[in-house]
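One letter stands for each residue in the lines below.
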Amino acid sequence: MSTYVYGIAHRSHPRPDTELAGVGDPPRPVRTLAEGELIALVSDAPEDLRPKRRDLLAHQRVLTHAAAGGPVLPMRFGGVSPDDASVKSVLADRAEHFEERLTALHDKVEYNVKASHDEDVVLHQVLADNAELRALTEANRAAGGGTYEQKIQLGERIVAAVQQRETRDAELVHDTLMGIAAAVSRGPASTGWLVSVSCLVARADTARFLAAVDRLTKENPQLEVRLSDPLPPYSFVE
Amino acid sequence: MTVVPAQQGRGGGGTSGLYDVLELVLDRGLVIDAFVRVSLVGIEILKIDIRVVVASVDTYLRFAEACNRLDLEAGPNRSPGLPEIVGDMTESGARGKTKGALSGAAQTVSDAFQQARDEGGSRSEAKPRTRRTASNRRKEEQE
């Protein structure tokens, strides 16, 4: 029977009062394997495990619950060990590294911040800042929208200006958060956001961090900011 | 501690759904060489880089029209120049200058909208407005 691994914690980590539901259908119960000063949170691995919504959420949920009781090193989704004994031998082999990380991450959580642009506000800003673009827009409008060529010419320059602002605002968000977080890790560029930053935040600094995110949104009306719940420190385990 | 059903969010006002943490659960976190990783076929498709799509003629046209629409909504007889709007907002004194300009413009936009609607929408902005609605809907669907 192969073993699904959720995360690694100190041996002293409080065990949950109630059994946590893990991956699989029906959900496999989460149990712990102890080795030296460490434990691994594991469950039996379902035969046909796939990255389904249900199982991704189960992985995330187990780790969120565990992290509430103390530092946990979250595994990336989908790590399956051949058996329990192999998990224990990994704990033994890399004990020093895991313990160092657990100490470093003590009393810290990860927040993921994603920012995107409110298109209308950004366009207003672009036109407000650039008299030439404003004149061009006016001219096109006066000509009933302008010709196909004129529209493309204008659009190309607007897009360039918007992209410039995306880059600038990505730096702004990154730099602002870097000033408060214990560590930051930039996520990949992708659809749906202009920047994704994961921040490692000491629990004691949480209020200050949330206030900074709030201020960022208020002072920059072009930004739409999405803030995650406190997460296990996925981006800071290595 | 208790078991929380998968579909139930945790309290505390956070907004993270699966979509917002997906990249972390799938791309971050500890990887141990000795463990086999589940195949992620079918998941990678979510990670399309938008920047490839942005530089297209369609995008240029869309942005050109979006800008035309902004000015139309500010009113045909009104100069789109920002100083006037900034002046209005500074007088009201509620917020800082830059933000004032923006909220002022937004207010003007919604006023113009209402006006256009009252007039029966017979003017030329009818079309761009449809586009705007469609684009907003698209945005909502993505979320």
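Keep in mind that what you see is a predicted model, and the values were worked out from it rather than measured. (Residues numbered from 1 in each chain as written. Chains lettered and ligands numbered in written order. Predicted model: local features only at pLDDT ≥ 70, side-chain atom pairs only at ≥ 80, totals over all residues. Heavy atoms only, no water.)

Asks: How should I be thinking about the overall build of chain A in this particular structure?
Replies: Looking only at helices and strands, chain A has 7 helices and 9 strands in total. For 238 residues, the compact-globule estimate of 2.2 N^0.38 gives 18 Å, and chain A exceeds it by more than 25% at 24 Å. For chain A, the C-alpha atoms occupy an extent of roughly 75 × 40 × 30 Å along the three principal directions. (Helix = DSSP H or I, 4+ residues; strand = E, 2+ residues; numbered from the N terminus. Rg over C-alpha atoms; globule rule 2.2 N^0.38 Å.)

Asks: Could you clarify how one ought to interpret the overall build of chain B in this entry?
Replies: What chain B contains, in helices and strands, is 6 helices and 1 strand. Order of helices (α) and strands (β) in chain B, N terminus to C terminus: α-β-α-α-α-α-α. Counting only residues that meet the buried cut, chain B has 37% of its 143 residues in that class. If you take every contact in chain B between residues at least 6 apart in sequence, the share linking residues at least 24 apart comes to 40%. (Buried < 20%, exposed > 50% of the residue type's maximum accessible area, 1.4 Å probe, protein only. Contact = heavy atoms within 4.5 Å.)

Asks: Please clarify how the packing of aromatic side chains should be interpreted in this entry.
Replies: The description of an aromatic ring pair uses the distance of the two centres, along with the angle that the planes make with each other. All names here are of chain A. Summed over all chains, the structure comprises 3 aromatic pairs over all chains. With a centroid separation of 6.1 Å and an interplanar angle of 55 degrees, the aromatic rings of Tyr 4 and Phe 77 are classed as tilted. Here Phe 77 lies in the loop between strand E4 (72–74) and strand E5 (79–81) and Tyr 4 lies in strand E1 (residues 3–10), a separation of 73 residues in the sequence. Aromatic pair Tyr 111 and Phe 209: ring centres 5.2 Å apart, planes at 25 degrees, arrangement stacked. Of this pair, Tyr 111 sits in strand E6 (residues 108–117) while Phe 209 is found in helix H7 (residues 206–219), placing the two residues 98 residues apart along the sequence. Pair check on accessibility: Tyr 111 and Phe 209 agree, each one buried. Here the aromatic residues Tyr 4, Tyr 6 and Phe 77 are joined through ring pairs into a cluster of three or more. (Phe/Tyr/Trp six-rings, centres within 6.5 Å; stacked < 30°, edge-to-face > 60°.)

Asks: Is there a simple way to think about helix H5 (residues 131–142) of chain A in this case?
Replies: Since one α-helical turn is 3.6 residues long, residues separated by three or four positions face the same way. Residue and element names in this part refer to chain A. Its 12 residues give H5 an end-to-end C-alpha distance of 16 Å, which sits within 8% of 16 Å, the value for a rise of 1.5 Å per residue. For H5, every residue scored as buried is listed here: Leu 133, Arg 134, Thr 137, Asn 140 and Arg 141. Buried residues along H5 cover an arc of 125 degrees about the axis, so they all sit on one side. If you check the start of H5, you find a side-chain oxygen 3.0 Å away from the backbone N of Glu 132, and it comes from Asn 130. One or two residues past the end of H5 sits Gly 144, with phi positive at roughly 70 degrees. (Expected span 1.5 Å × (residues − 1). Arc of directions from axis to C-beta. Polar contact = N/O pair within 3.5 Å; in protein donor to acceptor, adjacent residues only side chain to side chain.)

Asks: Sorry, what's going on with the pattern of salt bridges here?
Replies: Pairs can form between side chains of opposite charge once their charged atoms are near each other. Residues and elements named next belong to chain A. A complete count under the given rule lists 13 salt bridges over all chains for this structure. Its salt-bridge partner being Arg 165, residue Asp 129 comes within 2.4 Å of it at the nearest N-O pair. In this pair, Asp 129 is assigned in helix H4 (residues 119–129) and Arg 165 in helix H6 (residues 148–178), connecting sequence segments 36 residues apart. Classification of Arg 165 by relative accessible area gives buried; the value is 9%. In this structure, Glu 138 and Arg 141 form a salt bridge, with 3.1 Å as the shortest nitrogen-oxygen distance. One end of the pair is Glu 138 and the other is Arg 141, both in helix H5 and 3 residues apart, which spans about a single turn. (Salt bridge = Lys/Arg side-chain N within 4 Å of Asp/Glu carboxyl O.)

Asks: Is there a simple way to think about the pairing of E1 of chain A in this case?
Replies: Within a regular strand, the side chains alternate between the two sheet faces. All names here are of chain A. Most of E1 is tucked away, with 7 of its 8 residues classed as buried. Strand direction decides the pairing type here: E1 and E4, joined by 3 bridges, are antiparallel. Note on E4: the bridge partner recorded for Gly 7 is Pro 74. (Pairing = 2+ DSSP bridges.)

Asks: Please explain the environment of Gly 79 of chain A as it appears in this structure.
Replies: You can see Gly 79 of chain A is positioned in strand E5. Judged by relative accessible area, which is 4%, Gly 79 of chain A ranks as buried. For the pair Gly 79 of chain A and His 124 of chain A, spaced 45 residues apart in sequence, the C-alpha to C-alpha distance is 48 Å. Leave out the neighbours within four places in its chain, and Gly 79 of chain A touches Thr 3, Tyr 4 and Val 5 of chain A together with Phe 35 and Val 36 of chain B.

Asks: Sorry if this is basic, but what is going on with the side chain of Ser 228 of chain A here?
Replies: Residues and elements named next belong to chain A. Note that Ser 228 resides in the segment after strand E9 (223–227). Judged by relative accessible area, Ser 228 falls into the buried class, the value being 5%. Of note is the side chain of Ser 228, whose polar atom sits 2.9 Å from the backbone nitrogen of Asn 112.

Asks: Looking at this model, I keep getting lost on the nonpolar core. Mind explaining?
Replies: Generally speaking, a soluble globular protein has its nonpolar side chains buried in company with each other. Among the nonpolar cores identified, the biggest contains 29 residues, and Tyr 4, Tyr 6, Leu 56 and Phe 77 of chain A are the most heavily contacted of them. Elements with a contribution of two residues or more to this core: E1, strand E3 (38–44) and helix H1 (53–67) of chain A together with helix H1 (18–27) of chain B. Discounting residues that sit within four places of it in the chain, Leu 56 of chain A has contacts with Pro 51 and Phe 77 of chain A together with Leu 18, Leu 22, Val 25 and Leu 26 of chain B. If you look at the next biggest cluster of nonpolar residues, it comprises 21 residues, including Val 5, Leu 33, Met 75 and Val 90 of chain A. (Core = buried A, V, L, I, M, F, W, Y, C linked by side-chain atoms within 4.5 Å.)

Asks: For this particular structure, what's the right way to read the domain arrangement of chain A?
Replies: Size of an interface, as often reported, equals the accessible area lost when the parts are brought together. Residues and elements named next belong to chain A. For chain A, the assigned domains are domain 1 (3–106) and domain 2 (109–236). Placing the centre of domain 1 and that of domain 2 at their C-alpha centroids yields a distance of 36 Å. On the domain 2 side, the residues contacting the 10 residues of domain 1 number 7 residues. Across the domain 1 to domain 2 interface the summed buried area is about 700 Å²; carbon plus sulfur atoms make up 60%. Of all residues in domain 1, the largest losses of buried area upon contact with domain 2 belong to Gln 60, Pro 74 and Leu 105, amounting jointly to 56% of the total for that side. There are 3 residue pairs in polar contact (both at pLDDT 80 or more) connecting domain 1 and domain 2. Secondary structure elements with two or more residues in the side of domain 1 that touches domain 2: H1 and E4. Counting residues per element, the side of domain 1 that touches domain 2 draws most heavily on H1, which supplies 5 residues. In terms of residue class, the side of domain 1 that touches domain 2 is built from 6 nonpolar, 3 polar and 1 charged. (Domains from an automatic or database assignment. Buried area = accessible area lost by both parts, 1.4 Å probe. Nonpolar A, V, L, I, M, F, W, Y, C, P; charged D, E, K, R; others polar.)

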